[in-house]
Amino acid sequence: MPGGPGLPWGWVVSPLDPLGLGAPRGVPPAVGLFSLSDVLLVARGACPARLLAERKRASSSRPGKGRSGPSGDHARLLQVASRRFPGLRVAGKAYLELPFPRALVRARPDLLLVGGGLAVGIKRAKVQDPESLPALGLVLAGFARRNGLKPRLYWTAPGDTLREVPIPRGPEAQALRARLARGVAALSEGRRVPGPSCGGCPLRHGCPAPAV
């Protein structure tokens, strides 16, 4: 079907939703791609211009990554998930994407299983930002809805116990999406926001922010 919520007309999305299971193809240059973690940082007050500059600098200096096998943590997570959800298939290193006007917010669970009418996302217990789990649930719910699936989100508690995370719904989902939308808008515009850590910013020379 052409287009979609917040997507440019003519951007073709297949019924299998390649936006959820892999890198988007044919994304117009005017459409921004932002990670959920960056959007959450900006929503909490980080400077969008600095964040974008640091990401660009890191990507240009990062050497190419070689191929490596799955880590021990991932293998253990896969074992736990397979016992809890037999018959579901692993959707590889799947990226989930939530559309906004002229932008996509991309997130990735540590493991995504699909099948039996379910889309099951699993996140490891190491979560530095508690708000990231509900936000990931919102992105997972969007992916599941577009594919006619029911979303389930879990995180691994100590002892490899899977604990379900409630998916935001109703007013809670609307408020969270509005919060993410403000972060997306700030990143899209590359706003410069002064803060206590401006001194080490790569943009501090010439930045009009009064705190620099």
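In case you missed it, the structure is sitting above this.
Residues numbered from 1 in each chain as written. Predicted model: local features only at pLDDT ≥ 70, side-chain atom pairs only at ≥ 80, totals over all residues. Heavy atoms only, no water.

## Thoughts on the sheet that holds strand S5 (residues 96–100)
Hydrogen bonds between backbone atoms are what pair the strands of a sheet, whose relative direction is either parallel or antiparallel.
Then comes step 1: Spatially, the three strands line up as an open sheet ordered S3-S6-S5, and their pairing is mixed. What marks the edges here is a single partner per strand, and that holds for strand S3 (32–35) and S5. The average undirected angle you get between the axes of adjacent strands in this sheet is 25°.
Then comes step 2: As judged from the five bridges shared by S5 and strand S6 (residues 103–107), these two strands associate in the antiparallel manner. Looking across to S6, one finds that Phe 100 is bridged to Ala 103.
Then comes step 3: Seen against the sheet, helix H6 (residues 170–189) touches S3, S5 and S6 and runs at an angle of roughly 80° to S5. (Pairing = 2+ DSSP bridges. Helix = DSSP H or I, 4+ residues; strand = E, 2+ residues; numbered from the N terminus. Axes fitted to C-alpha atoms, helices over the stretch in contact; angles between N-to-C directions. Contact = heavy atoms within 4.5 Å.)

## Observations concerning the packing of aromatic side chains
Then comes step 1: Evaluated as defined, the whole model comprises one aromatic pair.
Then comes step 2: Over the aromatic face of Phe 100 sits the side chain of Arg 177, whose NZ or CZ is 4.4 Å from the ring centroid. (Phe/Tyr/Trp six-rings, centres within 6.5 Å; stacked < 30°, edge-to-face > 60°. Lys NZ or Arg CZ within 6 Å of the ring centre and 35° of its normal.)

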